[in-house]
Amino acid sequence: QGVLSYRGYNIHTLADNGTFEEIIFLLWHGWLPKAAELAQLKKDLVAARPLPGQVVEFLGSNGGANSMDVLRTAVSMLSLYDAEAPDMSAEANHRKAVRLMAQTSTIVTTFERLRSAKPVLEGDPKLGFAANFLYTLTGNRPDDVMERAFDVALILHADHELNASTFAARVTAATLSDIYSSITSGIGALKGPLHGGANQDVIKWLLGLGDEDAAADAVKNTLARKVKIPGFGHRVYRTEDPRATHLRVLSEELGLRTGHEKLYRLSRRMEETVKAVKGLDPNVDFYSASTYYSLGIPIDLYTPIFAVSRMAGWTAHVLEQYHNNRLIRPRADYKGNPDGQTWIPMAER
(Lines give C-alpha, C1' and ligand atoms only; values in the text may rest on other atoms or scores of the structure.)
Protein backbone atom coordinates (compact mmCIF):
# COMPACT_ATOMS: atom_id res chain seq x y z
CA GLN A 1 0.00 0.00 0.00
CA GLY A 2 3.01 2.28 -0.16
CA VAL A 3 3.31 2.60 3.62
CA LEU A 4 6.70 2.52 5.34
CA SER A 5 6.84 2.62 9.13
CA TYR A 6 9.58 2.27 11.72
CA ARG A 7 8.27 0.82 14.99
CA GLY A 8 4.77 1.96 14.02
CA TYR A 9 5.77 5.54 13.13
CA ASN A 10 4.99 6.49 9.54
CA ILE A 11 8.09 7.48 7.58
CA HIS A 12 6.50 10.83 6.67
CA THR A 13 6.03 11.62 10.37
CA LEU A 14 9.65 10.73 11.10
CA ALA A 15 11.07 12.64 8.12
CA ASP A 16 9.06 15.75 8.98
CA ASN A 17 9.80 15.77 12.71
CA GLY A 18 12.72 13.56 13.72
CA THR A 19 16.49 13.68 13.72
CA PHE A 20 18.62 10.75 12.64
CA GLU A 21 19.86 10.16 16.19
CA GLU A 22 16.25 9.94 17.40
CA ILE A 23 15.51 7.36 14.70
CA ILE A 24 18.58 5.30 15.67
CA PHE A 25 17.30 5.19 19.25
CA LEU A 26 13.77 4.37 18.09
CA LEU A 27 14.94 1.46 15.95
CA TRP A 28 17.11 0.02 18.73
CA HIS A 29 14.68 0.43 21.63
CA GLY A 30 11.17 0.75 20.23
CA TRP A 31 10.31 4.15 21.67
CA LEU A 32 11.23 7.77 21.01
CA PRO A 33 14.00 8.93 23.32
CA LYS A 34 13.51 11.34 26.17
CA ALA A 35 15.87 14.32 26.26
CA ALA A 36 18.34 12.61 28.61
CA GLU A 37 18.31 9.40 26.55
CA LEU A 38 18.97 11.30 23.32
CA ALA A 39 21.76 13.31 24.92
CA GLN A 40 23.41 10.10 26.14
CA LEU A 41 23.18 8.47 22.70
CA LYS A 42 24.75 11.52 21.05
CA LYS A 43 27.54 11.48 23.64
CA ASP A 44 28.14 7.77 23.08
CA LEU A 45 28.24 8.17 19.30
CA VAL A 46 30.75 11.02 19.51
CA ALA A 47 32.97 9.01 21.84
CA ALA A 48 32.88 6.03 19.49
CA ARG A 49 33.85 7.92 16.32
CA PRO A 50 37.65 7.35 16.32
CA LEU A 51 38.98 4.35 14.40
CA PRO A 52 41.70 1.92 15.46
CA GLY A 53 45.03 2.98 13.97
CA GLN A 54 45.34 -0.26 12.00
CA VAL A 55 42.03 0.44 10.24
CA VAL A 56 43.14 3.96 9.33
CA GLU A 57 46.37 2.50 7.93
CA PHE A 58 44.36 0.05 5.83
CA LEU A 59 42.17 2.85 4.47
CA GLY A 60 45.21 4.90 3.53
CA SER A 61 46.84 2.04 1.64
CA ASN A 62 43.80 1.18 -0.51
CA GLY A 63 42.76 4.48 -2.01
CA GLY A 64 42.31 3.04 -5.48
CA ALA A 65 40.08 0.16 -4.43
CA ASN A 66 36.31 -0.15 -4.82
CA SER A 67 34.73 1.87 -2.02
CA MET A 68 32.30 -0.88 -1.00
CA ASP A 69 35.09 -3.46 -0.91
CA VAL A 70 37.03 -1.14 1.37
CA LEU A 71 34.01 -0.54 3.62
CA ARG A 72 33.17 -4.25 3.87
CA THR A 73 36.75 -5.12 4.78
CA ALA A 74 37.21 -2.24 7.21
CA VAL A 75 34.03 -3.08 9.11
CA SER A 76 35.17 -6.67 9.39
CA MET A 77 38.56 -5.45 10.63
CA LEU A 78 36.90 -3.54 13.48
CA SER A 79 36.21 -6.81 15.27
CA LEU A 80 39.94 -7.52 15.52
CA TYR A 81 40.46 -4.43 17.67
CA ASP A 82 37.29 -4.59 19.78
CA ALA A 83 38.00 -6.20 23.16
CA GLU A 84 34.29 -6.97 23.50
CA ALA A 85 34.01 -8.71 20.14
CA PRO A 86 33.59 -12.24 21.64
CA ASP A 87 31.16 -11.05 24.34
CA MET A 88 27.65 -11.99 23.23
CA SER A 89 25.82 -10.43 26.17
CA ALA A 90 22.99 -8.03 25.31
CA GLU A 91 24.84 -5.15 26.94
CA ALA A 92 28.08 -5.78 25.02
CA ASN A 93 26.23 -6.20 21.72
CA HIS A 94 24.47 -2.87 22.26
CA ARG A 95 27.81 -1.15 22.87
CA LYS A 96 29.17 -2.76 19.71
CA ALA A 97 26.14 -1.47 17.80
CA VAL A 98 26.99 2.05 18.99
CA ARG A 99 30.58 1.65 17.79
CA LEU A 100 29.48 0.27 14.42
CA MET A 101 27.03 3.14 13.99
CA ALA A 102 29.68 5.77 14.66
CA GLN A 103 32.73 4.15 13.09
CA THR A 104 31.10 3.22 9.77
CA SER A 105 30.62 6.93 9.15
CA THR A 106 34.25 7.60 10.08
CA ILE A 107 35.46 4.85 7.76
CA VAL A 108 33.73 6.45 4.77
CA THR A 109 34.91 10.00 5.47
CA THR A 110 38.46 8.95 6.37
CA PHE A 111 38.76 6.85 3.21
CA GLU A 112 37.70 9.80 1.07
CA ARG A 113 40.10 12.24 2.78
CA LEU A 114 43.08 9.90 2.55
CA ARG A 115 42.59 8.96 -1.09
CA SER A 116 42.20 12.65 -1.96
CA ALA A 117 45.47 13.49 -0.14
CA LYS A 118 43.60 15.74 2.28
CA PRO A 119 44.08 15.86 6.06
CA VAL A 120 41.75 13.64 8.03
CA LEU A 121 39.38 15.67 10.19
CA GLU A 122 38.62 14.36 13.65
CA GLY A 123 35.17 15.87 13.69
CA ASP A 124 33.45 18.37 15.92
CA PRO A 125 31.78 16.91 19.03
CA LYS A 126 29.25 19.74 18.91
CA LEU A 127 27.98 18.64 15.50
CA GLY A 128 25.21 16.10 15.07
CA PHE A 129 25.62 12.89 13.08
CA ALA A 130 24.60 14.29 9.69
CA ALA A 131 26.49 17.59 9.99
CA ASN A 132 29.64 15.89 11.25
CA PHE A 133 29.61 13.47 8.33
CA LEU A 134 29.40 16.27 5.76
CA TYR A 135 32.05 18.29 7.60
CA THR A 136 34.57 15.46 7.92
CA LEU A 137 33.92 14.42 4.31
CA THR A 138 34.16 17.79 2.56
CA GLY A 139 35.97 19.97 5.08
CA ASN A 140 33.09 22.47 4.98
CA ARG A 141 30.55 22.93 7.74
CA PRO A 142 27.10 22.51 6.16
CA ASP A 143 24.50 25.21 6.59
CA ASP A 144 21.22 24.39 8.31
CA VAL A 145 19.43 23.52 5.07
CA MET A 146 22.10 21.11 3.85
CA GLU A 147 22.41 19.52 7.28
CA ARG A 148 18.67 18.97 7.52
CA ALA A 149 18.50 17.61 3.97
CA PHE A 150 21.18 15.02 4.68
CA ASP A 151 19.63 14.20 8.06
CA VAL A 152 16.32 13.44 6.31
CA ALA A 153 18.11 11.34 3.68
CA LEU A 154 19.70 9.28 6.47
CA ILE A 155 16.30 8.82 8.13
CA LEU A 156 14.73 7.63 4.89
CA HIS A 157 17.44 4.98 4.33
CA ALA A 158 17.66 3.76 7.93
CA ASP A 159 15.53 0.63 7.61
CA HIS A 160 13.31 -1.19 5.14
CA GLU A 161 12.05 -4.48 6.60
CA LEU A 162 13.60 -7.69 5.27
CA ASN A 163 15.45 -6.32 2.27
CA ALA A 164 18.31 -8.43 0.92
CA SER A 165 21.06 -6.95 3.11
CA THR A 166 19.01 -7.00 6.31
CA PHE A 167 17.98 -10.59 5.65
CA ALA A 168 21.61 -11.53 5.03
CA ALA A 169 22.61 -9.90 8.33
CA ARG A 170 19.85 -11.70 10.23
CA VAL A 171 20.70 -15.07 8.70
CA THR A 172 24.28 -14.67 9.90
CA ALA A 173 23.15 -13.48 13.35
CA ALA A 174 20.79 -16.45 13.60
CA THR A 175 23.78 -18.78 13.67
CA LEU A 176 24.88 -16.79 16.78
CA SER A 177 27.86 -15.44 14.91
CA ASP A 178 29.09 -12.06 16.15
CA ILE A 179 27.58 -8.72 15.18
CA TYR A 180 30.60 -7.73 13.05
CA SER A 181 30.19 -10.86 10.91
CA SER A 182 26.47 -10.17 10.60
CA ILE A 183 26.97 -6.59 9.46
CA THR A 184 29.72 -7.62 7.05
CA SER A 185 27.21 -10.01 5.45
CA GLY A 186 24.77 -7.14 5.08
CA ILE A 187 27.35 -4.88 3.44
CA GLY A 188 28.23 -7.64 0.98
CA ALA A 189 24.59 -7.89 -0.07
CA LEU A 190 24.17 -4.11 -0.27
CA LYS A 191 27.05 -3.84 -2.72
CA GLY A 192 25.04 -5.42 -5.53
CA PRO A 193 23.57 -3.08 -8.15
CA LEU A 194 20.12 -4.60 -7.64
CA HIS A 195 20.19 -3.36 -4.05
CA GLY A 196 22.37 -0.45 -2.97
CA GLY A 197 24.24 0.41 -6.13
CA ALA A 198 21.39 1.76 -8.25
CA ASN A 199 21.73 5.43 -7.24
CA GLN A 200 25.23 5.50 -8.74
CA ASP A 201 23.76 4.31 -12.04
CA VAL A 202 21.09 7.01 -11.81
CA ILE A 203 23.53 9.90 -11.45
CA LYS A 204 25.65 8.56 -14.31
CA TRP A 205 22.50 8.56 -16.42
CA LEU A 206 21.66 12.13 -15.47
CA LEU A 207 25.16 13.47 -16.06
CA GLY A 208 25.20 11.89 -19.51
CA LEU A 209 22.02 13.61 -20.68
CA GLY A 210 21.70 16.88 -22.57
CA ASP A 211 18.40 18.68 -22.19
CA GLU A 212 14.98 17.50 -21.03
CA ASP A 213 13.88 16.40 -24.51
CA ALA A 214 17.05 14.33 -24.79
CA ALA A 215 16.22 12.77 -21.43
CA ALA A 216 12.77 11.75 -22.63
CA ASP A 217 14.16 10.32 -25.89
CA ALA A 218 16.87 8.36 -24.07
CA VAL A 219 14.30 6.85 -21.72
CA LYS A 220 12.00 5.85 -24.59
CA ASN A 221 14.82 4.32 -26.63
CA THR A 222 16.14 2.41 -23.63
CA LEU A 223 12.74 1.01 -22.71
CA ALA A 224 12.10 0.10 -26.36
CA ARG A 225 15.19 -2.13 -26.17
CA LYS A 226 13.71 -3.83 -23.07
CA VAL A 227 16.46 -2.37 -20.89
CA LYS A 228 15.56 -1.23 -17.38
CA ILE A 229 15.97 2.36 -16.25
CA PRO A 230 17.83 2.54 -12.90
CA GLY A 231 15.88 3.99 -10.00
CA PHE A 232 12.41 2.87 -11.08
CA GLY A 233 10.16 0.10 -9.86
CA HIS A 234 10.47 -1.85 -6.65
CA ARG A 235 10.40 -5.48 -5.57
CA VAL A 236 7.64 -4.72 -3.04
CA TYR A 237 5.99 -1.37 -3.72
CA ARG A 238 3.31 -1.13 -6.38
CA THR A 239 2.76 2.54 -5.56
CA GLU A 240 5.22 5.39 -5.23
CA ASP A 241 8.02 4.57 -2.84
CA PRO A 242 7.19 6.86 0.12
CA ARG A 243 10.89 7.69 0.51
CA ALA A 244 10.96 9.08 -3.03
CA THR A 245 8.25 11.56 -2.05
CA HIS A 246 10.67 13.33 0.31
CA LEU A 247 13.79 12.92 -1.79
CA ARG A 248 12.08 14.55 -4.78
CA VAL A 249 11.59 17.68 -2.67
CA LEU A 250 15.16 17.56 -1.35
CA SER A 251 16.51 17.17 -4.88
CA GLU A 252 14.70 20.31 -6.01
CA GLU A 253 15.60 22.39 -2.95
CA LEU A 254 19.28 21.45 -2.96
CA GLY A 255 19.52 21.71 -6.73
CA LEU A 256 18.29 25.30 -6.64
CA ARG A 257 20.57 26.08 -3.70
CA THR A 258 23.75 24.63 -5.21
CA GLY A 259 23.29 25.36 -8.91
CA HIS A 260 22.36 21.81 -9.90
CA GLU A 261 18.71 22.44 -10.65
CA LYS A 262 19.22 20.96 -14.13
CA LEU A 263 19.64 17.54 -12.55
CA TYR A 264 16.28 17.94 -10.87
CA ARG A 265 14.59 19.03 -14.13
CA LEU A 266 16.10 16.07 -15.98
CA SER A 267 14.97 13.77 -13.19
CA ARG A 268 11.41 15.05 -13.40
CA ARG A 269 11.32 14.56 -17.16
CA MET A 270 12.69 11.04 -16.80
CA GLU A 271 10.10 10.28 -14.14
CA GLU A 272 7.25 11.57 -16.27
CA THR A 273 8.42 9.57 -19.30
CA VAL A 274 8.92 6.29 -17.43
CA LYS A 275 5.52 6.71 -15.81
CA ALA A 276 3.86 7.34 -19.16
CA VAL A 277 5.57 4.47 -20.98
CA LYS A 278 5.87 1.78 -18.29
CA GLY A 279 3.65 2.95 -15.46
CA LEU A 280 6.56 2.72 -12.99
CA ASP A 281 7.23 5.05 -10.09
CA PRO A 282 10.67 6.13 -8.84
CA ASN A 283 12.17 4.31 -5.89
CA VAL A 284 14.48 5.59 -3.14
CA ASP A 285 17.53 5.47 -5.41
CA PHE A 286 16.26 7.83 -8.09
CA TYR A 287 16.11 11.19 -6.34
CA SER A 288 18.76 10.33 -3.76
CA ALA A 289 21.25 10.41 -6.65
CA SER A 290 20.78 14.10 -7.45
CA THR A 291 20.39 14.94 -3.75
CA TYR A 292 23.79 13.47 -2.91
CA TYR A 293 25.38 15.09 -5.94
CA SER A 294 24.14 18.52 -4.83
CA LEU A 295 25.65 17.86 -1.39
CA GLY A 296 29.07 17.44 -3.02
CA ILE A 297 29.35 13.72 -2.29
CA PRO A 298 31.59 11.68 -4.66
CA ILE A 299 29.56 9.30 -6.79
CA ASP A 300 31.30 6.12 -5.70
CA LEU A 301 30.41 6.91 -2.07
CA TYR A 302 26.66 6.82 -2.64
CA THR A 303 26.36 3.15 -1.73
CA PRO A 304 28.71 3.39 1.29
CA ILE A 305 26.53 6.25 2.54
CA PHE A 306 23.53 3.95 2.14
CA ALA A 307 25.40 1.61 4.51
CA VAL A 308 26.11 4.44 6.97
CA SER A 309 22.38 5.06 7.27
CA ARG A 310 21.24 1.44 7.08
CA MET A 311 23.61 0.56 9.91
CA ALA A 312 20.83 1.77 12.20
CA GLY A 313 18.41 -0.78 10.79
CA TRP A 314 20.91 -3.61 10.41
CA THR A 315 22.05 -3.38 14.01
CA ALA A 316 18.46 -3.09 15.25
CA HIS A 317 17.54 -6.28 13.38
CA VAL A 318 20.64 -8.15 14.58
CA LEU A 319 19.98 -7.17 18.20
CA GLU A 320 16.37 -8.32 17.80
CA GLN A 321 17.53 -11.62 16.30
CA TYR A 322 19.84 -12.25 19.26
CA HIS A 323 17.07 -11.39 21.72
CA ASN A 324 14.72 -14.12 20.47
CA ASN A 325 16.85 -16.28 18.23
CA ARG A 326 15.87 -19.14 16.00
CA LEU A 327 18.15 -20.47 13.29
CA ILE A 328 17.03 -19.25 9.85
CA ARG A 329 17.26 -22.36 7.69
CA PRO A 330 15.28 -22.31 4.42
CA ARG A 331 14.45 -25.62 2.76
CA ALA A 332 14.90 -26.42 -0.94
CA ASP A 333 12.44 -28.25 -3.15
CA TYR A 334 14.62 -30.50 -5.33
CA LYS A 335 13.06 -31.05 -8.77
CA GLY A 336 15.08 -34.11 -9.86
CA ASN A 337 15.12 -37.74 -8.69
CA PRO A 338 15.57 -37.27 -4.93
CA ASP A 339 17.14 -40.59 -3.97
CA GLY A 340 17.29 -43.04 -6.85
CA GLN A 341 20.56 -42.41 -8.72
CA THR A 342 22.89 -45.37 -9.29
CA TRP A 343 26.63 -44.92 -8.92
CA ILE A 344 28.46 -45.32 -12.25
CA PRO A 345 32.07 -46.60 -12.11
CA MET A 346 34.70 -44.27 -13.57
CA ALA A 347 35.44 -46.55 -16.56
CA GLU A 348 31.76 -46.56 -17.60
CA ARG A 349 31.07 -42.80 -17.41
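Asker: I'd like to hear about the side chain of T110, residue by residue, with values.
Answerer: One can find T110 in helix α6 (residues 90-115). Looking at T110, the relative accessible area reads 4%, which means it is buried. Ignoring any residue separated from it by four or fewer positions in sequence, one finds T110 in contact with L51, V56, L59 and V120.

Asker: Requested: an account of the pattern of salt bridges, with residues and values cited.
Answerer: Tallied over the full model, the rule gives 18 salt bridges. Across the pair D69 and R72 runs a salt bridge whose closest N-O atoms are separated by 3.2 Å. Separated by three residues within a single helix, D69 and R72 lie in helix α5 (residues 67-78), roughly one turn from each other. A relative accessible area of 24% places D69 in the partly exposed class. Across the pair D241 and R243 runs a salt bridge, and its minimum N-O distance is 2.7 Å. By sharing partners, the salt bridges in this structure join D82, E84, R95 and R99 into a single network.

Asker: Hey, could you go over the packing of helix α2 (residues 20-29) against helix α16 (residues 302-323) for me, with residue numbers and the actual values?
Answerer: Following both chains from N to C, one finds α2 and α16 inclined at 15°, their axes separated by 8 Å at the closest point. What the angle tells us is that α2 and α16 run roughly parallel. The interaxial crossing formed by α2 with α16 has right-handed handedness. Where α2 abuts α16, its residues F20, I24, L27 and W28 lie against V308, S309, A312, G313, T315, A316 and L319.

Asker: Go over helix α10 (residues 179-190) with me, naming the residues and quoting the values.
Answerer: In this model, α10 (12 residues) spans 16 Å end to end at C-alpha, consistent with the 16 Å of a helix rising 1.5 Å per residue. Taken residue by residue, α10 has I179, Y180, S182, I183, T184, G186, I187 and L190 as its buried positions. Here the buried face of α10 lies against α5, α6, α9 (164-174) and α16. Residue D178 occupies the N-cap position of α10, its side-chain oxygen lying 3.0 Å from the main-chain nitrogen of Y180.

Asker: Would you mind going over helix α11 (residues 198-207) in detail, with residue names and values included?
Answerer: A198, N199, Q200, V202, I203 and L206 are the residues of α11 that are buried. Turning to α11, the residues buried within the fold contact α14 (261-278), α15 (284-294) and α16.

Asker: Help me get a handle on the environment of D143, residues and values and all.
Answerer: By the secondary structure assignment, D143 is in the loop between α7 (129-138) and α8 (144-156). Residue D143 is classed as partly exposed on the basis of its relative accessible area, which comes to 28%. Placed 12 residues apart in sequence, D143 and A131 show a C-alpha to C-alpha distance of 8.6 Å. A polar contact of 3.0 Å, which involves the side chain of D143, links it to the side chain of R257.

Asker: I'd love a proper account of the side chain of D151, names of residues and values included.
Answerer: When you line up the elements, D151 lands in helix α8. Residue classification places D151 among the buried residues on the basis of a relative accessible area of 7%. Reaching out from D151, the side chain makes a polar contact with the side chain of R148 at a distance of 3.1 Å. With residues near it in sequence (within four places) discarded, D151 still touches G18, T19, F20, E21 and A130.

Quick notes on the rules
- Residues numbered from 1 in each chain as written.
- Predicted model: local features only at pLDDT ≥ 70, side-chain atom pairs only at ≥ 80, totals over all residues.
- Heavy atoms only, no water.
- Helix = DSSP H or I, 4+ residues; strand = E, 2+ residues; numbered from the N terminus.
- Buried < 20%, exposed > 50% of the residue type's maximum accessible area, 1.4 Å probe, protein only.
- Contact = heavy atoms within 4.5 Å.
- Salt bridge = Lys/Arg side-chain N within 4 Å of Asp/Glu carboxyl O.
- Axes fitted to C-alpha atoms, helices over the stretch in contact; angles between N-to-C directions.
- Parallel < 35°, antiparallel > 145°, perpendicular 65-115°, else oblique.
- Left-handed = near helix turned anticlockwise from the far one by under 90°.
- Expected span 1.5 Å × (residues − 1).
- Polar contact = N/O pair within 3.5 Å; in protein donor to acceptor, adjacent residues only side chain to side chain.

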